[in-house]
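A look at the structure
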Amino acid sequence: MASRAQAKRRKLVAQGNYVSHSDIMRNRGGGNVTSFRNFGASDVVRVDGGRAVELANTPAYKSYVFYLAPKSSIGKKQIETGNKTVIINTGILFVTTGKKGPGRSNKYSGESHKYGSGQVINLKKGQRYTYSTGSGEAELLIIESGDLAENVLEEPITNLDGAQQFRMARNP
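Parameters at a glance
- Residues numbered from 1 in each chain as written.
- Predicted model: local features only at pLDDT ≥ 70, side-chain atom pairs only at ≥ 80, totals over all residues.
- Heavy atoms only, no water.
- Helix = DSSP H or I, 4+ residues; strand = E, 2+ residues; numbered from the N terminus.
- Buried < 20%, exposed > 50% of the residue type's maximum accessible area, 1.4 Å probe, protein only.
- Contact = heavy atoms within 4.5 Å.
- Areas by Shrake-Rupley, 256 points an atom, 1.4 Å probe, with all protein chains shown as cover.
- Pairing = 2+ DSSP bridges.
- Polar contact = N/O pair within 3.5 Å; in protein donor to acceptor, adjacent residues only side chain to side chain.
- Salt bridge = Lys/Arg side-chain N within 4 Å of Asp/Glu carboxyl O.

When helices and strands are tallied, the protein chain shows 4 helices and 11 strands. The buried share among the 172 residues of the protein chain stands at 29%. For the protein chain, the share of sequence-separated contacts (at least 6 apart) that also reach a separation of at least 24 residues comes to 74%. Surface accessibility of the protein chain: about 11,800 Å² in total, with carbon and sulfur atoms responsible for 52%.

Bringing the pairing of strand 3 (residues 61-68) into the picture now. Burial runs high along strand 3: 6 of the 8 residues are buried. Two elements, strand 2 (residues 50-57) and strand 3, share 6 bridges in a ladder whose sense is antiparallel. Across the sheet, Glu54 pairs through a bridge with Tyr64, a residue of strand 3. Bridge count for strand 3 against strand 10 (residues 138-145) is 8 bridges, and the pairing is antiparallel.

Moving on, we get to unusual backbone geometry. Peptide bonds are, in most cases, trans, and in most cases residues other than glycine have a negative phi. In this model, Lys71 sits at a positive phi of 55°, which is unusual for a non-glycine residue. Along the chain, the position of Lys71 falls in the loop between strand 3 and strand 4 (77-81). Given a relative accessible area of 61%, Lys71 falls into the exposed group.

Attention now goes to the side chain of Ser73. Relative to the helices and strands, Ser73 resides in the loop between strand 3 and strand 4. Within the local environment of Ser73, its side chain forms a polar contact with the backbone nitrogen of Gly75, the two atoms lying 3.1 Å apart. Within polar-contact distance, the side chain of Ser73 engages the side chain of Thr130 at 3.5 Å. If we ignore the near neighbours within four places in the chain, the residues touching Ser73 are Asp48, Thr130, Tyr131, Ser132, Pro156 and Ile157.

Right, let's get into the environment of Val65. Checked against the element boundaries, Val65 lands in strand 3. Its relative accessible area of 13% is what places Val65 among the buried residues. Separated by 78 residues in the primary sequence, Val65 and Ile143 have C-alpha atoms spaced 9.0 Å apart. When sequence neighbours within four positions are dropped, the list of residues in contact with Val65 reads Arg51, Ala52, Val53, Leu55, Glu139, Leu140 and Leu141.

A side chain of one charge can pair with a side chain of the opposite charge when the charged atoms of the two come close. Across all of its chains, the model carries 4 salt bridges by this definition. One salt bridge connects Lys77 with Glu150, and the closest N-O pair in it is separated by 3.7 Å. Of this pair, Lys77 sits in strand 4 while Glu150 sits in strand 11 (residues 149-152); the two residues are 73 residues apart in sequence, bridging distant segments of the chain. We classify Glu150 as partly exposed; its relative accessible area is 28%.

Here it is, written out as structure tokens:
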């Protein structure tokens, strides 16, 4: 027969599955996989509010894989020279493009589209554009012509890491 202490201990311990510290550490990361996607890759750079790994850099073109975190935007840009091709590998991308109106009008007309995996966006000289993600992340293959020049009209909107959020909360 079990002692009173053992019986009391069994009574206090709830039935069910227990989660150990090792299990928690093994399953970490959940929400933002983007920061770990290119872990270990050489020459990872922050570009336009995301992380990019350069694939090729030649005088004719430059290509890289670009990871954009959930709820992020690259800001508003305008292509001054050259062209840019964006291919969506995974995720959903919301793109707004605009072009200057006819004549001497300074107004820009814009169109918004939702693009999914496998779709291609071609951006040419004179176009204003911005792209952003929704609640999920996106992986893009970007090919830029060698003479590409962009004018940044609005800064990117990015997800800040924990330390940056703490600093921004303290010093707005």
